[in-house]
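One-letter residues, chain by chain:
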Amino acid sequence: MNKWRIDDSAELYNINGWGLDYFSINENGHVTVTPKKDCVPVDLVDVMDDLHSRNITAPILLRFPDILDNRIEKISRCFKKAAKEYNYNGENFVIYPIKVNQMRPVVEEIVSHGKKFKIGLEAGSKPELHAVLAINMADVNDNSLIICNGYKDREYIELALLAQKMGRRIFLVVEKLNELHLIANVAKQLNIMPNIGIRIKLSSSGSGKWEESGGDRSKFGLNTSELFEALDFMKAHDMTACLKLIHFHIGSQVTKIRRIKNALREASQFYVQLSAMGFNIDFVDIGGGLGVDYDGSHNSATGHSMNYSIQEYVNDAVYTFVDVCDKNGLKHPNIINESGRSLTAHHSVLVMEVLETAGLPKWNEETDKIKDDDNDLVKDLYEIWDKINKARLLEDWHDALQIREEALDRFSLGLIDLRTRAIVEKLFWSVAREVNLITQELRHAPEELRSVAKLLPEKYFCNFSLFQSLPDSWAIDQVFPVMPLSRLNERPDHMATIQDITCDSDGKIANFTSPTGITHALPVHTLRKGEHYYLGVFLVGAYQEILGDMHNLFGDTNAVHINVYPDHYDIEQMIDGETVAEVLEYVEFSPKQLVRNVESWVTESIRNGKITSDEGNEFVRNYRSGLYGYTYLEKD
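Parameters at a glance
Residues numbered from 1 in each chain as written. Predicted model: local features only at pLDDT ≥ 70, side-chain atom pairs only at ≥ 80, totals over all residues. Heavy atoms only, no water. Salt bridge = Lys/Arg side-chain N within 4 Å of Asp/Glu carboxyl O. Helix = DSSP H or I, 4+ residues; strand = E, 2+ residues; numbered from the N terminus. Buried < 20%, exposed > 50% of the residue type's maximum accessible area, 1.4 Å probe, protein only. Contact = heavy atoms within 4.5 Å. Pairing = 2+ DSSP bridges. Axes fitted to C-alpha atoms, helices over the stretch in contact; angles between N-to-C directions.

Visitor: Can you walk me through the pattern of salt bridges in this structure?
Guide: Any two side chains of opposite charge can pair, given that their charged atoms come close. Enumeration according to the criterion identifies 28 salt bridges in this entry. With a shortest N-O distance of 2.7 Å, Asp-153 and Lys-126 are connected by a salt bridge. With Asp-153 in the loop between β7 (145-148) and α7 (154-165) and Lys-126 in helix α6 (residues 126-133), this pair connects stretches of sequence that are 27 residues apart. Between Lys-126 and Glu-155 there is a salt bridge, and its shortest N-O distance comes to 3.4 Å. On the criterion of sequence distance, the pair formed by Lys-126 in helix α6 and Glu-155 in helix α7 is long-range, its members being 29 residues apart. For Lys-126, a relative accessible area of 24% corresponds to the partly exposed category. Through salt bridges that share partners, Arg-487, Glu-490, Arg-528 and Glu-531 make up one connected network.

Given below as structure tokens:
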């Protein structure tokens, strides 16, 4: 057997496919992160050892702000290149929709670094508008935009228009006709000409999991009839000059470039027609949808990737509007894009520690023996396992299934004992392993035999909550890259699914990236006593933190920010995960009242002689300490 190399691990986990230039494996077999060129790579095992010495334990979210900076620069460079190639004389505005990740440090980093790129923010709700308006003004470029999407009430509109009056470049995007009437009324009272945008409901739709976000059945936007009503209203109320922006969005994580091209072409005709009607549109907001290659496949078939690059996406946007404008003698509109997922996904890594493992029973030839008085079912199944071969593989598998089913039925009727059932299960799963090994050698194996592989992976139990840290994995079967952080110079010797520590059977990861597509088990290593074994989940910077829920009252994880420099890296910000007391307060338990209740109970138990005074005091101390400890398991 050939010696296992680092390159073998890189291929096995497809890190070169989804990792771009950010993630790789070093000579020690550790995963490294390189947020930007000409800076030191960050060894994630070293980071975890450092954090452990500071008593900061997994699960932990590692954020790399320099990757956010690099993504901003990447998209801006692509627009600059396209503008030069197609003689585009408008401006590009990168807008970050904060719904993607509303964590303050993330938003502030994007605004601060994006200042020189005129990066703006999008608010999709009243609370988000409050956050956006209060961002440090020193970090805001005077030309930065604020795009106001989502449903709006009078308070929302008043807040936006008063901010406009104080100098902010705010655009109120009309999602429903009644919003336009409300905007006109409030603007008249405040004596201001509002900057109005209209979200247009295109017939074009995206592709992938969010395909229904666009098209005729989309939740937001005005259809053509409603658009004409809005235009007539603005003309009748002398608001023609207020319409400065048109907006469309065909869905998140669009997998096929053809769908984007179709939407751009359709939207460009709206720009042409509105211009011909006398509306001076300055901005076209092409929305989000720029995909992230979660599985490294670079194609649209899996639904977890896309078949285009950022440059192609930008080229199509710029070329479409340059072409249609030049043909119709119109000015080039300024192009806004809201690619929040592409901006943020790569900058966060979730690290979790494996606690223990569980696997299916296995027949051991050295210690397990068949006895003369064993049940005939045991003897028949042993003979299948002992003589299994390629020629009779399907028949042997069917026989093994029948024997197991018969054994379970007999056990339920009290006809065989527990020991016999245990032996049957051990032999059955050993047969299943042999079937799987032989099936892998067959060129055209039946689907029934190929599906055996899904039954065999071990379970690696990890200290995290899927529902808190990876909600999209549970809710929409989103695939994220997962791999060990260490021992990547060793051949993995197990296949496993990842189980979290919630009491929900859905709390597991059973789909993984690989060079050949999505697989149902992750190659992992045997655990070593006294040694930490960490798994990393990558590309989790978009939506996961903010969508996470508190199933079983597991709260936010610890988080750290790591900044890189030419010769070193620094862990510059450490954010403690939520305590038990904090999550209990979310569900309206008062920690102080809980302690008082426990103290009363303990006092009564001491009085009744159930426990000693020392035991009671120790219980109360432990209870108090636990309330202000991490919600996740804490190893000694």
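Visitor: I would appreciate a short explanation of unusual backbone geometry in the present structure.
Guide: A negative phi angle characterises most non-glycine residues, just as the trans form characterises most peptide bonds. In this structure, the amide linkage connecting Ala-58 to the following residue, Pro-59, adopts the cis form with an omega of 5°. In this structure, Pro-59 sits in the loop between α3 (44-53) and β4 (60-63). Backbone geometry places Arg-487, a non-glycine residue, at a positive phi of 60°. Among the secondary structure elements, Arg-487 is positioned in the loop between β15 (482-484) and β16 (494-499). Accessibility expressed as a relative area gives 9% for Arg-487, which makes it buried.

Visitor: Please explain the environment of Ser-342 as it appears in this structure.
Guide: One can find Ser-342 in helix α12 (residues 340-344). Exposure remark for Ser-342: the relative accessible area of 0% places this residue in the buried category. Between the C-alpha atoms of Ser-342 and Ser-600, which are 258 residues apart in sequence, the distance is 54 Å. Leave out the neighbours within four places in its chain, and Ser-342 touches Arg-71, Ile-75, Leu-290, Gly-291, Val-292 and Ile-310.

Visitor: When you look at the sheet that holds strand β11 (residues 283-285) in this model, what are you seeing that I'm missing?
Guide: Backbone hydrogen bonds hold the strands of a sheet together, and the pairing may be parallel or antiparallel. In spatial order, the strands read β5-β6-β7-β8-β9-β10-β11-β12; together these 8 strands close into a barrel with parallel pairing. Within the sheet, the average angular offset between the axes of one strand and its neighbour, ignoring direction, is 25°. Of the pairings in the sheet, the one linking strand β8 (residues 169-174) to strand β9 (residues 196-199) comprises 3 bridges and is parallel in character. When the sheet's bridge partners are listed, Val-173 is paired in β9 with Gly-197.

Visitor: It is not clear to me how the side chain of Asp-285 should be interpreted in this structure. Could you clarify?
Guide: For Asp-285, the position within the fold is in strand β11. When neighbours within four sequence positions are excluded, Asp-285 is seen to be in contact with Ile-147, Leu-245, Ile-246, His-247, Phe-248, Ile-336 and Glu-338.

Visitor: Any chance you could explain the sheet that holds strand β2 (residues 31-33) here in plain terms?
Guide: In spatial order, the strands read β1-β2-β3; together these 3 strands make up an open sheet with antiparallel pairing. Bordering the open sheet on either side are β1 (23-25) and β3 (42-43), each of which pairs with just one other strand. Relative to β2, β1 is paired through 3 bridges, and the arrangement is antiparallel. Along β2, the bridge assignment pairs Ile-25 with Val-31.

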